[in-house]
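# Breakdown of the fold
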Amino acid sequence: QQPVQSPQAVILREGEDAVINCSSSKALYSVHWYRQKHGEAPVFLMILLKGGEQKGHEKISASFNEKKQQSSLYLTASQLSYSGTYFCGTEKLGGGADGLTFGKGTHLIIQP
Amino acid sequence: NAGVTQTPKFRVLKTGQSMTLLCAQDMNHEYMYWYRQDPGMGLRLIHYSVGEGTTAKGEVPDGYNVSRLKKQNFLLGLESAAPSQTSVYFCASSPTPGGAQETQYFGPGTRLLVL
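In short, a report on the structure. (Residues numbered from 1 in each chain as written. Chains lettered and ligands numbered in written order. Predicted model: local features only at pLDDT ≥ 70, side-chain atom pairs only at ≥ 80, totals over all residues. Heavy atoms only, no water.)

## Describing the interface of chain B and chain A
In this complex, chain B contributes 24 residues to the contact, which on the side of chain A involves 23 residues. Summed over both sides, the interface between chain B and chain A buries roughly 1700 Å², with carbon and sulfur atoms accounting for 60% of that surface. At the boundary of chain B and chain A, one finds zero salt bridges. The interface formed by chain B and chain A includes four residue pairs in polar contact (both at pLDDT 80 or more). For the side of chain B that touches chain A, the elements supplying multiple residues, two or more each, are strand 4 (31-38) and strand 5 (42-49) of chain B. For the side of chain B that touches chain A, the per-class residue count stands at 13 nonpolar, nine polar and two charged. (Contact = heavy atoms within 4.5 Å. Buried area = accessible area lost by both parts, 1.4 Å probe. Salt bridge = Lys/Arg side-chain N within 4 Å of Asp/Glu carboxyl O. Polar contact = N/O pair within 3.5 Å; in protein donor to acceptor, adjacent residues only side chain to side chain. Helix = DSSP H or I, 4+ residues; strand = E, 2+ residues; numbered from the N terminus. Nonpolar A, V, L, I, M, F, W, Y, C, P; charged D, E, K, R; others polar.)

Here is the structure:
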């Protein structure tokens, strides 16, 4: 079952902040975040493991609440280059060779 | 390293025609995956492979077949194309099935239009 991402789309002005959420009905082992530009392949951003992990990547960071089976991606002081579609991919607890299950994506548009 | 490559990049088929999409990776990864991406649907797993000579069904396998005769290559076949198979197809590979240390690496995609 696909994780649920929210919001579906968000429009920001350059310099504003955004939060993208990813929620699963299954117990999770890890959450992977990707960004995809139009017409390109998804590009890996970061992995979060169970245990309340938080990570940062320049002005993009994320958290993982294993009890709630939720992850959030934080984009601060957004730049034009942050525009794209963000996907979370989840790995369920207990694993499985089929790897990740992806959400439907969140479209992020940054305006000057 | 080229990473993950896909051929062709774009193809137009008529209903009922067949074709094979090729995915190649030079990272010596054990796991390989085929996804399709449709507007508003995200990435959905078609088939995957956990090693040379193995394949397994994913979420949306109907109408597709796959083969992994060599570790570095993963082929996706459409025996009789249908308009519902119009999509963007992504191949991905990973050294592990997911999780702790490694993620999946994606190819550039193949855009398929079935008329």
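## Structural notes on the pairing of strand 3 (residues 18-23) of chain A
Residues and elements named next belong to chain A. Only one face of strand 3 is buried, namely the one carrying Ala18, Ile20 and Cys22, since none of Val19, Asn21 and Ser23 on the opposite face is buried. Bridge analysis of strand 1 (residues 4-6) against strand 3 gives three bridges, and the strand direction is antiparallel. Note that in strand 3 the partner of Gln5 across the bridge is Cys22. As paired strands, strand 3 and strand 8 (residues 70-75) are joined by six bridges and run antiparallel to one another. The partner of Ser23 across the bridge, within strand 8, is Gln70. (Buried < 20%, exposed > 50% of the residue type's maximum accessible area, 1.4 Å probe, protein only. Pairing = 2+ DSSP bridges.)

## Remarks on the nonpolar core
The biggest cluster of nonpolar side chains holds 21 residues, and the ones touching the most others in it are Trp33, Leu73, Leu75, Tyr82, Tyr86 and Leu108 of chain A. At the level of secondary structure, the elements contributing two or more residues to this core comprise strand 2 (9-13), strand 3, strand 4 (28-36), strand 5 (43-49), strand 7 (60-65), strand 8, strand 9 (84-92) and strand 11 (106-111) of chain A. Among the nonpolar cores identified, the runner-up in size contains 19 residues, and Val4, Leu13, Met19 and Val114 of chain B belong to it. (Core = buried A, V, L, I, M, F, W, Y, C linked by side-chain atoms within 4.5 Å.)

## Structural notes on the pattern of salt bridges
Where charged atoms of side chains with opposite charge meet at close range, the side chains can pair. All names here are of chain B. Within the structure shown, the criterion is met by three salt bridges over all chains. Residue Arg36 pairs with Asp38 through a salt bridge whose shortest N-O separation is 2.9 Å. Between Asp38 and Arg44 there is a salt bridge; the shortest N-O distance is 2.8 Å. The pair formed by Asp38 and Arg44 is uniform in burial state, with each residue classed as buried.

## Observations regarding the sheet that holds strand 1 (residues 4-7) of chain B
Residue and element names in this part refer to chain B. An order of 1-3-8-7 is seen for the four strands of this open sheet, with the pairing classed as antiparallel. The sheet is open, and its two edges are formed by strand 1 and strand 7 (65-67), each paired on a single side. Across the sheet, the mean angle from the axis of one strand to that of its neighbour is 20°, orientation sign disregarded. Two strands pair when backbone bridges link them, and strand 7 and strand 8 (residues 73-78) are joined in this way by three bridges, in the antiparallel orientation. Paired with Ser67 across the two strands is Leu75, which belongs to strand 8. (Axes fitted to C-alpha atoms, helices over the stretch in contact; angles between N-to-C directions.)

## Quick notes on the packing of aromatic side chains
One pass over the structure, following the stated rule, counts ten aromatic pairs over all chains. Between Tyr34 of chain A and Phe44 of chain A the ring centres are 5.9 Å apart and the planes differ by 70°, which places this aromatic pair in the edge-to-face class. You can see Tyr34 of chain A sitting in strand 4 and its partner Phe44 of chain A sitting in strand 5, a full ten residues away along the chain. Relative accessible area serves as the criterion here: at 32%, Phe44 of chain A is assigned to the partly exposed category. Arranged with centres 5.8 Å apart and planes meeting at 65°, the rings of Tyr64 of chain B and Tyr89 of chain B form a pair that is edge-to-face. One end of the pair, Tyr64 of chain B, is in the loop between strand 6 (56-57) and strand 7; the other, Tyr89 of chain B, is in strand 9 (residues 87-94), with 25 residues separating them in the sequence. Assessed through its relative accessible area of 9%, Tyr64 of chain B is described here as buried. An aromatic cluster of at least three residues, connected via ring pairs, comprises Tyr34, Phe44 and Phe102 of chain A together with Tyr33, Tyr35, Tyr48, Phe90 and Phe106 of chain B. (Phe/Tyr/Trp six-rings, centres within 6.5 Å; stacked < 30°, edge-to-face > 60°.)

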